[in-house]
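Structural characterization, general
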Amino acid sequence: MAVPLLQLKDLSVAYRSRRGALRAVRDLSLEIAKGQTYGLVGESGSGKTTLALAVLNYLGKDGYIESGQVLFEGADMAALDEAGLRALWQGGMAHVPQNPFTALNPSMRIGEQVAEAIALNSEIDAPEIETRVLDLLAQVRLPDPARVARAYPHEISGGQQQRVIIAIALGRQPSLLVLDEPTTALDVTTEAVVLDLLRELVRDRDTAALYVSHNLGVVAGLTDRVAVLYASELVEDAPTKELYRQPLHPYTRGLLDSVPRLGQRKDVKPLQGIEGQIPSLTDLPSGCLFAPRCPLAIDQCWEERPPLDHPTPDRRVRCHRWPEILAGEVDAGRDAVEPIQVEDYQPETILTVEQLDVQYPIQRSLADVLAGEPARYVQVVDQLDLRIRSRETLGVVGESGSGKSSLARALIGLVAAEGGEVELLGVQLPARLDARSTETLAHLQMVFQNPEEALNPYLTIAESLRRPLRNLRGMSYAEAQAMVPQLLESVRLPAEYARRLPGQLSGGEKQRVAIARAFATHPDLLLADEPVSALDVSVQANILNLLAELQNEHDTAMLFIAHDIAVVGYLADRIAVMYLGQLMQQGPAEIIFDPPYHPYTEALLSAVPPPDPFVKQEHIRLSGEVPSAADPPSGCPFHTRCPRFLGDICVEQEPPWRETQDGKAIYCHIPIEELQAAQSPVLRFNGEGD
Amino acid sequence: MARYILRRLAFLALTLVLTSLLIFVITQLLPGDVCRVILGREVGEAASQACRAELRLDDPALVRYGDWLSGFLRGDMGLSYSTDAEIGPLVAERLGNSLMLAGFTLAIAVPLATGLGALAALNEGKWLDNLISVFSLAVVGLPEFVTGIVLIELLAFRVGLPANSSIRPGTGFFEALPSLILPALTATLVLLAYIARLTRAGVLEELKQPYVRTAALKGLPRWVVILRHVLRNALAPTITVVAISFGWLISGLVVIENVFNYPGLGRLMVFAISRRDLPLLQGVAMVTVLAFALANLGADLLYAALNPRIRVGE
Ligand code: SF4
Ligand code: SF4
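First things first, this report covers the structure right here in the doc. Note that this is a predicted model, so its numbers are computed, not measured.

Moving on: the overall build of chain A. Scanning chain A from terminus to terminus reveals 25 helices and 23 strands. A compact globule built from 690 residues would reach a C-alpha radius of gyration of about 26 Å, and chain A, at 26 Å, matches this within 12%. By residue count, 56% of the 690 residues in chain A fall in the buried class. Taking the contacts inside chain A whose residues are at least 6 apart along the sequence as the reference set, 68% of them involve residues at least 24 apart.

Rendered as structure tokens:
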């Protein structure tokens with residue numbers, strides 16, 4: 001048998017820390033063949049990024065290989081001296097990191113940065129280098145390569161930056177690409193374009209790739225094999241299709257069940273998240289590392305560390321109970337979460353937003369002010385109308401720059417709206433927070449993306465929870481204190497957490513505290529701005545279900561804002577799609593996944609990578625970049641990128657709102673019937689057994 | 001860009017006017033009579049009157065300020081009260097001396113300090129880093145007259161460099177060079193620790209940035225990564241400090257100029273203040289403010305050139 005391109009043999013990687021060595025990867029073996037695309041899936045803390053850096057032999061000052069070997073084309077990388085290592089980086093393997101902006105030198109032109117990658121391993125002259133640079137930039141499909149080559153990194157968009165990084169990687173014609181979450185920092189529609197590009201490049205050049213990601217959808221569509229990492233260990237390894245068809249490790253199964261599919265809804269098929277959280281590396285259980293969270297754990301699991309078995313010649317799994325799982329005798333899928341019922345809400349409107357305008361001033365220098373330059377503004381929310389009925393969840397979907405967060409911030413009063421009216425329960429809301437009454441504050445609560453933003457790090461959890469009770473519900477100290485255990489219980493946190501500080505909690509736990517606090521005042525309306533996007537998928541599912549349950553319990557309406565249309569579809573009763581500060585489409589959530597769609601919604605839906613390698617998806621990609629909100633397009637705001645662009649009418653005239661019989665409204669010049677005829681349904685989850 | 005520079009220059013003109021006004025007001029408030037200082041205590045009332053009349057001290061303050069300003073705008077800074085000499089050439093000569101000293105100092109201090117700082121950062125925590133830290137901190141703690149005297153002891157008495165740097169008017173740079181060495185070294189020692197520590201911090205910060213990893217993983221040699229990628233970004237904040245130092249070197253070297261008897265602007269300013277020589281003081285102040293402001297403008301432009309994220313004037 002030929003030597004594999006990359007071979008990891010019983011690899012353990014550790015970091016020196018103040019508390020001694022932390023082993024981030026333990027006893028891991030893996031082989032990547034030439035031209036093979038290998039997925040490496042895990043949540044934060046799984047060791048996946050460490051593994052990627054160990055493969056590159058770039059662990060930094062504190063990281064080191066504790067035992068085992070990394071063999072590249074059969075040669076031990078530990079034996080390489082600096083020159084050998086450099087030669088390897090120049091030609092053998094290349095890295096594409098997560099955040100393209102910080103990965104580029106901010107003060108060097110892009111052309112120069114790309115040139116560095118090719119000029120090294122070949123004796124070519126300057127004009128030749130320049131043609132090669134432009135050629136590479138064109139290969140990664142950058143529009144106008146000559147302009148990009150002259151630009152600095154901050155002058156191009158995130159998607160373009162990532163393409164530049166890919167060009168730098170390809171410049172050395174590597175035989176192995178190490179891709180570490182290369183699309184995580186990008187918007188969905190941009191991600192889709194970059195993934196297409198990667199897929200094509202890897203296929204055309206017969207390059208092998210190690211694709212590290214937390215996103216099962218991305219990995220499903222791109223890889224031949226997938227390895228799943230949990231708390232520093234390999235727990236499962238299988239050909240991609242087999243892994244998704246029949247996961248053998250309960251953790252893999254849990255991950256798959258945690259991700260909402262397009263069209264999955266809380267009242268039909270609730271998500272089954274994984275309980276608990278990934279153990280810290282300093283405090284690992286002695287038996288199976290997954291035992292504390294595993295629905296199938298038995299006594300043996302707590303005592304004995306499971307070996308890595310081979311259920312079939314090309315699958316590996318680390319679980320005592322895989323034979324039973326394989327035979328279908330036990331099922332690792334949980335059905336702990338009951339469908340979350342949505343009762344018929346009374347059609348009583350509790351929030352009315354009319355013609356809301358939010359603007360941010362563009363920074364001017366003192367010299368500008370003195371010179372009398374007029375102030376300029378970015379219009380982030382533009383004449384927006386919105387209605388939320390009591391107990392309803394309105395989901396707002398949009399990518400970055402859509403103005404969705406500014407909408408929430410204006411409603412809660414963190415930024416003062418420039419114009420328009422907001423009415424809550426029939427009372428007009430003052431734009432500024434300090435002008436709002438205690439009662440209003442209690443009626444309207446918010447959960448933020450980063451609980452760090454909302455929880456004071458110097459207050460104990462109990463203090464944070466008492467605040468709204470005392471300030472907004474007028475409780476005495478004793479009354480408020482008596483409520484704390486109950487609040488913690490409502491978000492499934494143990495009562496002893498009351499004395500802890502936020503720093504001692506995990507991200508998911510902090511978000512639970514923030515949710516408990518938001519519900520403490522029995523709000524009529526909860527604003528949730530990307531409340532799960534900073535969390536791991538296994539935790540995300542539980543938080544989503546928790547939000548839905550508490551909302552039912554408290555009869556609260558919710559404005560749920562997210563960039564992930566599957567997540568919004570899971571939770572919302574109605575959905576509004578936002579682009580450049582305006583709504584493009586709104587209507588009942590059940591029908592958002594069926595045509596007719598607004599052309600932008602259509603592109604969004606088709607961009608979501610389905611966590612399922614068997615799905616063939618509609619292929620609509622957006623070209624160009626989101627225009628600047630300081631200078632929004634005339635007519636239809638989407639016209640610069642619209643795949644169904646009609647011509648002058650879209651540029652010159654604002655489109656009308658067109659309505660379907662079932663209550664969907666679309667902001668487009670194309671008549672409903674024509675959209676219906678032209679569009680096909682995206683593949684969606686049908687709620688039946690996997 | 002051009003508009004930005006124009007605007008900055010307009011701003012600078014405004015600063016100059018305000019400064020001159022401020023100095024004018026302050027000197028009006030100072031106790032003591034110029035003529036008494038010039039003529040001495042013993043002269044009679046008549047002589048004093050004549051002197052006041054000659055200097056037109058009895059005109060309303062606003063009129064005098066207007067006269068001075070219109071003169072200044074025509075390039076005429078007037079006559080010194082105390083020496084009767086034309087202020088323009090005097091200030092110009094001293095400015096020339098100060099510029100020579102400042103330029104020479106920076107030419108030594110900046111490469112030395114940034115080099116040491118970068119070296120310390122690249123050897124973080126090792127003996128070289130510690131040595132550089134200890135040395136630069138020890139030096140910065142000493143007042144200039146102490147380091148100056150030590151340097152005279154070491155380099156003037158033993159090596160033979162001139163300790164008295166009183167150069168004659170009209171001396172060219174190369175002729176003056178030996179006289180510049182000791183004062184420049186003294187000033188360098190003052191700046192060294194500051195710039196070196198700033199550079200060290202900047203380099204350490206940049207080394208943590210992911211783009212350094214990108215560059216290293218291209219297979220570039222380490223020195224290329226450091227010189228081409230790290231230093232370029234790490235030095236940007238240092239430039240501002242260098243600009244401020246330039247201002248200080250032009251007008252703030254009173255102690256050093258005294259120790260070495262060097263005819264710079266600092267000593268001229270002290271002289272003007274002690275003699276209540278308002279026109280001279282005005283002249284020196286204008287030049288100093290101008291030097292400060294131009295150094296800052298230069299620093300901002302250079303900073304923008306090194307750091308394309310700063311879009312000048314937009
Ligand atoms: S070994 Fe036990 S605890 Fe671990 S995954 Fe398998 S069943 Fe669960
Ligand atoms: S109005 Fe025109 S540009 Fe806008 S979405 Fe419809 S077809 Fe596209």
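This is not the end of the story, as more comes after the structure.
What follows is about the overall build of chain B. For chain B, the helix and strand inventory stands at 14 helices and zero strands. For chain B, the α and β elements follow one another from N to C terminus as α-α-α-α-α-α-α-α-α-α-α-α-α-α. Dimensions of chain B, computed from the C-alpha atoms along their principal axes, are close to 85 × 55 × 35 Å. Residues classed as buried in chain B amount to 43% of the 314 residues present. Of the contacts made within chain B by residues no fewer than 6 positions apart, 73% connect residues no fewer than 24 positions apart. Across chain B, the mean location of the 26 positive side-chain charges is 13 Å away from that of the 22 negative side-chain charges.

Once that is clear, we can look at the sheet that holds strand 2 (residues 20-32) of chain A. Residue and element names in this part refer to chain A. On the basis of which strands lie adjacent, the open sheet formed by four strands has the order 2-1-4-5 and antiparallel pairing. Edge positions in the open sheet fall to strand 2 and strand 5 (75-76), since each of these has one partner strand only. In this structure, strand 1 (residues 6-17) lies alongside strand 4 (residues 63-72), joined through eight bridges in antiparallel fashion. Each residue of the ladder has a partner; that of Lys9, found in strand 4, is Gln69. Across the sheet, helix 1 (residues 48-55) is in contact with strand 1, strand 2 and strand 4; its angle to strand 1 comes to roughly 115°.

Residues and elements named next belong to chain A. Residue Pro595 is joined to Pro596 through a cis peptide bond whose omega torsion reads 0°. Along the chain, the position of Pro596 falls in the loop between strand 21 (582-588) and helix 23 (599-607). A positive phi angle is found at Glu181, which is not glycine, with a value near 50°. Looking at the secondary structure, you find Glu181 in the loop between strand 7 (176-180) and helix 8 (188-205).

Pairing between side chains of opposite charge can happen when their charged atoms approach one another. Under the defined criterion, the tally for this structure stands at 31 salt bridges over all chains. Between Glu66(A) and Arg23(A) there is a salt bridge, and its shortest N-O distance comes to 2.7 Å. Taken together, the residues Glu66(A) in strand 4 and Arg23(A) in strand 2 connect sequence positions 43 residues apart. As a salt-bridge pair, Asp331(A) and Arg253(A) come within 2.8 Å of each other at their nearest N and O atoms. A residue pair is termed long-range when its members are at least 10 positions apart, and Asp331(A) in the loop between helix 13 (322-326) and strand 12 (349-361) and Arg253(A) in helix 11 (residues 250-258) qualify at 78 residues. Taken together, the shared-partner salt bridges connect Glu116(A), Lys218(B) and Arg228(B) into one network.

Quick look at the sheet that holds strand 15 (residues 419-424) of chain A now. All names here are of chain A. Judged by pairing direction, the sheet is antiparallel, and its four strands sit side by side in the order 13-12-15-16 without closing on themselves. Strands at the two margins of the open sheet, each flanked by one partner only, are strand 13 (377-389) and strand 16 (427-428). Relative to strand 16, strand 15 runs antiparallel, the two sharing two bridges. By the bridge assignment, Leu424 is partnered in strand 16 with Val427. Contacting strand 12, strand 13 and strand 15, helix 15 (residues 404-412) crosses the sheet at an angle of about 110° to strand 12.

Attention now goes to the environment of Asn450(A). All names here are of chain A. With respect to the helices, strands and loops of the structure, Asn450 is situated in the loop between strand 17 (444-447) and helix 17 (451-454). Exposure remark for Asn450: the relative accessible area of 32% places this residue in the partly exposed category. In this structure the C-alpha to C-alpha distance between Asn450 and Asp529, which are 79 residues apart in sequence, comes to 9.2 Å.

All names here are of chain A. Ile515 and Phe560 are the most contacted members of the largest nonpolar core, which has 74 residues in total. Here this core spans two domains, and each of domain 3 (349-590) and domain 4 (593-690) adds at least three residues to it. Formed by 71 residues, the second largest nonpolar core is a distinct cluster that contains Val114, Ile118, Leu177 and Cys288.

Procedures and definitions
One numbering rule holds for all chains: residues counted from 1, following each sequence as written. The lettering of chains begins at A and the numbering of ligands begins at 1, in the order of writing. This being a predicted model, a pLDDT of at least 70 is required before a residue's local features are given, and a value of 80 or more before pairs of side-chain atoms are given or counted; all residues contribute to the totals for chains, interfaces and linings. For the side-chain quantities, the full set of heavy atoms in the structure was used; hydrogens and water were omitted. Each helix corresponds to a stretch of at least 4 residues labelled H or I by DSSP, and each strand to a stretch of at least 2 residues labelled E; elements are numbered beginning at the N terminus. Restricting the calculation to C-alpha atoms gives the radius of gyration, and the globule rule supplies 2.2 Å times the number of residues raised to the power 0.38. The cut-offs for exposure are 20% and 50% of the maximum accessible area for each residue type, with area from a 1.4 Å probe on protein chains only; residues under the lower value are buried, those over the upper are exposed, and the others partly exposed. Only heavy atoms enter the contact rule, under which two residues are in contact if any of them lie within 4.5 Å. Note on charges: Lys and Arg go in the positive column, Asp and Glu in the negative column, and His and the chain ends are not counted at all. Charged side chains are reduced to one point each, which is NZ for Lys, CZ for Arg, CG for Asp and CD for Glu. At least two DSSP bridges between two strands are required for those strands to pair. For helices, the fitted axis covers only the stretch in contact; all axes are lines through C-alpha atoms, and the angles between them, taken along N-to-C directions, range from 0 to 180 degrees. In the sections that follow, a salt bridge refers to a side-chain nitrogen of Lys or Arg positioned within 4 Å of a carboxyl oxygen of Asp or Glu. Side-chain atoms within 4.5 Å are what join buried Ala, Val, Leu, Ile, Met, Phe, Trp, Tyr and Cys residues into a set we call a nonpolar core. Start and end points for every domain follow an automatic or database-based domain assignment.

Nothing here speaks to function; it is all geometry.
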